[in-house]
Amino acid sequence: FCRVFLLLLLFLFLSRRALLLLLLALVWFGMAHTPESGGTMMDTQSALLQLEQSEGCRLSWNAWPSSRIEASRTIVPFGVMISPLRAVEGSPTLPYEPLPCKGCASILNCYCQVDYASKMWVCPFCHTRNGFPAHYAGISESNLPAELFPQYVSLTYTLRTAPAPPPAFVFTVDLCQPREDLAACVDSIKQTIGSLPERSLVGLVTFGERVHLYELGYGNCSKLWVLRGDASIPKDKLASMLLLSNQTAPQQKQNHQMNDGSGGCEGRFLVPLSECEFALEAALDELQPDAQDVAVGFRPRRCTGAAMDVAVSLFEAAGGVSSGRVMMFLSGPITHGPGLMVDIDMAVPLRCHKDFDKGTGVAKHFKKSHAFFTGVASRAVASGVAVDLFACAMDQVGVAEMAPTAERTGGVIVLADGFDHPVYRNTIKSMFERDPATGQCKMGFQATSDVFCTREVRVSGCIGAVTAAATGASSSGAASGRVSETDVGCGGTTSWRLGCVDERSSYAYYFDIVQSHNNAIRPGDPFYLQFQTRYVAAATGETRVKVTTLARRWCDPARLDELVAGFDQEAAGVLMARISVWRGETEDAFDVLRWLDRTLIRLCSKYGEYQKDDPNTFRLSPYMSLYPQFIFHLRRSPFLQVFNSSPDETAYFRSVLNREGVSTAAVMIQPTLLRYALNPNGGAPVGMPAVLDVSSLAPDVILLLDTFFHVVVFHGQTVAQWRDAGYHEKPEHAAFKALLEVPQNDASALINSRMPTPRFVDCDQNGSQARFLLARLNPSATYNRDSGVGTGGDIIFTDDVALGVFLDHLKKLAVAG
């Protein structure tokens, strides 16, 4: 009764903002002072997941030290993982303009101080007093707009502006492939056309030794322009060659009706789908493999770089088109023209990681090719274009060279064995899936991001599919002192271009604390972060602004328990993984691993409880106990270990890591393993979590491994023998039949929920495909080391260090002082 009475008094006499901050402080006080136990850790993780559901964000530290010196000693960086377009539970969409602060351009939110009498509000970032406009005249403590509701920390605004021009989709098809593969590619493109937004424009480019640009707006017959593929054509020269002119839409339409061959790009090469669907499908049906004589021992001439350059130039020449996608359908390496990857002579092999390390002549084209595609990516970003790479071939196609075009524009990279492979088919289908509630395509173009923070915090940078904005908010951010001196990822700004975004797009923002130690902030006071994401909805052309405002508190640097209680192990691990990948682009892999090791040792030495020089006394808080294990698996992951991966595969893995959110990225780094066995009670088997260790192997179980890129169903030796004997077909063995079916059903559910679609592997113990599972298990039992706990009798032939040995050495180094 007393607690209820006190809460009523608070509601009556305290302002709503003060009450919200007080409740936040009480929550954190309870987290910091609860005895450390497994249940407490689970409760904390549940609370963090609930925060993610309401905010759409995950922070590495949910309480920050109040001085710069103490912040530099926390080891793990201060970062935020955010997915701007992810649906937030209970978050409304407001059909009006947001209200910005006149001092810093942050937007009105529930943490602002409001004076209802004078109709003024105070910005929590720059403390500027702002007046409400006339349409807010009726606000009061009992009549609040949605922005001031405490539960609405994430809101979407639909701006009252004219619809943006329709997006364009340019299909760029590689003709240097067998007829059967080309037919499968054409069939998938036709299915994709049916999923495009109704207002879309489409274009078609094909390439082999030369580039073929189709004029879909020409009505008399099929018309295409043949362009050279051995050089990049400047935009102005291309416009002159194609007789492009800057005309208005009515003038262009008149010229098309007269068929005089001139006019603008829109209407000739980029045509509304509703007007040219028949012509586009007819052109696709007529596609034939490139007619070039390829001698034995030589590769076909394939001008991928020139084709991509022409496709991007179409958007630059189309004044009425402001966004879209260039969809590259690739079937082989770049052997001709700009962006050259390898010579046509097959005596010269494709480059591998060893060639990069040793500087051999095999990789002599890489730097020049990478620089060319980086330039194409910059042009695509300026035009609001995303570049997608669908590499469907048994060998490398140059994804490592072309990766900047997808990574900087928000494009998608897919690796598959062919255009009829389920990985490719399901992925391209998922790209254009529609929202079940609205029936609209869940895709946004021309996205930009702006970050605002309190005066004691600076923005270090962002890692993801971003490029720094050259003007606008970035320059104002630097002037107002919101930019940190230390760059992480794409730094030196508070404003970025995101290109194309969808609900899976995730970005990692990093921050620095600059408050002086002599002028430390009072522990318990709040600080604020705001993320503004502006984008154009592909389906409707509406301009929307997603605003997410976070509030956390400063903690006492001397109270490590308060700091540790707000540590998010998964988010911290993913943020560290992104930094590792970013550093790996310019540093040697060995140096990145040493940096990771030193960081982990420093963290355990600072936050662990131990007696000096006694590893047996070492204890780590439950809030951090899983972090060393996470780093162990990161060190063994394909993001840092390039052995047995081609440069194209490494670029693909790293690109997907930088796109996905915390939950899915954590699975990439530390896969999940489920164990299925016959139910002694006779019911259907249920997958139980198993240790990611070789000791989990057993002859009478089925294992389901999820690495995000692969979904593996592994049958123990005994189970495989029973299956081969046909026991599951007999009525008296219905339980065994269920044992075989349940893992397959669970695997199908995982595959259908992912984009890109993972590769499915169905294997047996001691089979060749079992390597996909063994490569990700902890090698506690190897040919020269026996764990003593294995039940399956299997060992892993590797010299990798096991998790137990890794942790033992970590303890010794952490307690060494």
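Shown above is the structure to which this text applies.
An account of the accompanying structure is given in this report.

## Let's talk about the packing of helix α17 (residues 589–607) against helix α24 (residues 803–814)
- With their axes 9 Å apart at the nearest point, α17 and α24 run at an angle of 60 degrees to one another. The interaxial crossing formed by α17 with α24 has right-handed handedness. Judged by residue contacts, Leu-600, Ile-601, Cys-604 and Ser-605 of α17 engage Phe-806, Leu-810, Leu-813 and Ala-814 from α24.
- Across the contact of α17 with α24, the residue classes tally to seven nonpolar, one polar and no charged.

## Let's talk about the layout of surface pockets
- Empty space within the largest pocket amounts to approximately 1,800 Å³.
- Lining the largest pocket are 48 residues, with Pro-638, Phe-643, Asn-644, Ser-645 and Ala-775 sitting closest to its centre.
- Contributions of two or more residues to the lining of the largest pocket are made by β16 (413–416), α17, α18 (627–636), α19 (647–657), α23 (771–774) and α24.
- If you tally residues by element for the lining of the largest pocket, the top one is α24, at five residues.

## A word on the sheet that holds strand β3 (residues 78–82)
- As summarised here, the arrangement of the four strands in space is β1-β3-β21-β18, forming an open sheet in which the pairing is antiparallel. Unpaired on one side and paired on the other, β1 (57–59) and β18 (457–463) mark the two borders of the sheet. Here the strands of the sheet are splayed against their neighbours by 25 degrees on average, with no regard to which way each runs.
- Contacting β1, β3, β18 and β21 (507–513), helix α16 (residues 569–584) runs over the sheet at an angle of about 95 degrees to β21.

## Side note on the sheet that holds strand β27 (residues 688–689)
- Spatial ordering of the open sheet is given by β27-β26-β28-β29-β30, a layout of five strands whose pairing is mixed. Here the strands that pair on one side only, and so sit at the sheet edges, are β27 and β30 (759–764).
- Where strand β29 (residues 710–715) meets β30, six bridges bridge the pair, whose relative direction is parallel. In the sheet register, Phe-714 faces β30, and the bridge partner there is Cys-763.
- Against the sheet, helix α21 (residues 717–724) contacts β28 (702–706), β29 and β30, and its axis sits at roughly 80 degrees relative to β29.

## So, the packing of helix α5 (residues 179–193) against helix α8 (residues 273–285)
- Across the interface, α5 lies against α8 with an axial gap of 11 Å and an inter-helix angle of 170 degrees. The orientation of α5 with respect to α8, classified from their angle, is roughly antiparallel. Residues Val-186, Ile-189, Lys-190 and Ile-193 of α5 pack against Leu-273, Glu-277, Leu-280, Glu-281, Leu-284 and Asp-285 of α8.
- Its residues placed into classes, the contact of α5 with α8 shows six nonpolar, no polar and four charged.

## Observations concerning the nonpolar core
- One finds Trp-64, Phe-511 and Leu-529 to be the most contacted residues of the largest nonpolar core, which totals 140 residues.
- Here Trp-64 is in contact with Leu-59, Phe-78, Val-457, Phe-511, Ile-513, Phe-527, Leu-529, Arg-553, Trp-554 and Cys-555, once residues within four sequence places are set aside.
- The next biggest cluster of nonpolar side chains, apart from the first, holds 42 residues, and it includes Leu-216, Leu-287, Cys-392 and Cys-500.

Definitions and limits used
- Residues numbered from 1 in each chain as written.
- Predicted model: local features only at pLDDT ≥ 70, side-chain atom pairs only at ≥ 80, totals over all residues.
- Heavy atoms only, no water.
- Axes fitted to C-alpha atoms, helices over the stretch in contact; angles between N-to-C directions.
- Helix = DSSP H or I, 4+ residues; strand = E, 2+ residues; numbered from the N terminus.
- Left-handed = near helix turned anticlockwise from the far one by under 90°.
- Contact = heavy atoms within 4.5 Å.
- Nonpolar A, V, L, I, M, F, W, Y, C, P; charged D, E, K, R; others polar.
- 1 Å grid on protein atoms, 1.4 Å probe; cavity = no way out; pocket = protein on both sides within 12 Å on 5 of 7 lines; lining within 4 Å.
- Points joined across faces, edges and corners; volume = space filled by probe spheres on them.
- Pairing = 2+ DSSP bridges.
- Parallel < 35°, antiparallel > 145°, perpendicular 65-115°, else oblique.
- Core = buried A, V, L, I, M, F, W, Y, C linked by side-chain atoms within 4.5 Å.
- Buried < 20%, exposed > 50% of the residue type's maximum accessible area, 1.4 Å probe, protein only.

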